[in-house]
Amino acid sequence: MAARKTTTARRTTKKTTAPAKCSTCKGSGETATEVRVGRGRRATGHHQTGLCPDCFGSGLAST
């Protein structure tokens, strides 16, 4: 009787591509909006952050 030959299974790694980032927020999911504050709403230069309107905060480009 011949000796049994054992083989090992070859394992290859899957090459997955990263999902595309949103071009509006550059993948962060947030955008900065300039707001007017002060009396008469004349002073500018203040910013507040909010969800990106294109990707809704996910940071991924919509398809």
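What you see as residue numbers is a count from 1 along each chain, following the sequence as written. It should be noted that, the model being predicted, local features are given only for residues of pLDDT at least 70 and side-chain atom pairs only at 80 or more, the latter also being counted only at that level, while totals for whole chains, interfaces and linings use all residues. Processing note: side-chain calculations cover all non-hydrogen atoms of the structure and skip hydrogens and water entirely.

Caption draft 1: Highlighting the environment of His47. For His47, the position within the fold is in strand β2 (residues 43-51). Burial classes follow relative accessibility: with a 1.4 Å probe on protein chains only, a residue under 20% of its type's maximum area counts as buried, one over 50% as exposed, and anything between as partly exposed. Here His47 falls in the exposed class, since its relative accessible area comes to 54%. Along the backbone, His47 and Thr31 are 16 residues apart, and their C-alpha atoms lie at a distance of 9.7 Å. Not counting residues within four places of it along the chain, the set of residues in contact with His47 comprises Thr33 and Glu34. The numbering of helices and of strands both runs from the N terminus, where a helix is a DSSP run of H or I of at least 4 residues and a strand a run of E of at least 2. Only heavy atoms enter the contact rule, under which two residues are in contact if any of them lie within 4.5 Å.

Caption draft 2: Quick peek at the side chain of Thr31. Residue placement: Thr31 occurs in strand β1 (residues 30-37). Relative accessible area serves as the criterion here: at 18%, Thr31 is assigned to the buried category. Excluding anything up to four places from it in sequence, Thr31 contacts Thr24, Cys25, Gln48, Thr49, Gly50, Leu51, Cys52 and Pro53.

Any functional reading would require information beyond the geometric quantities listed.
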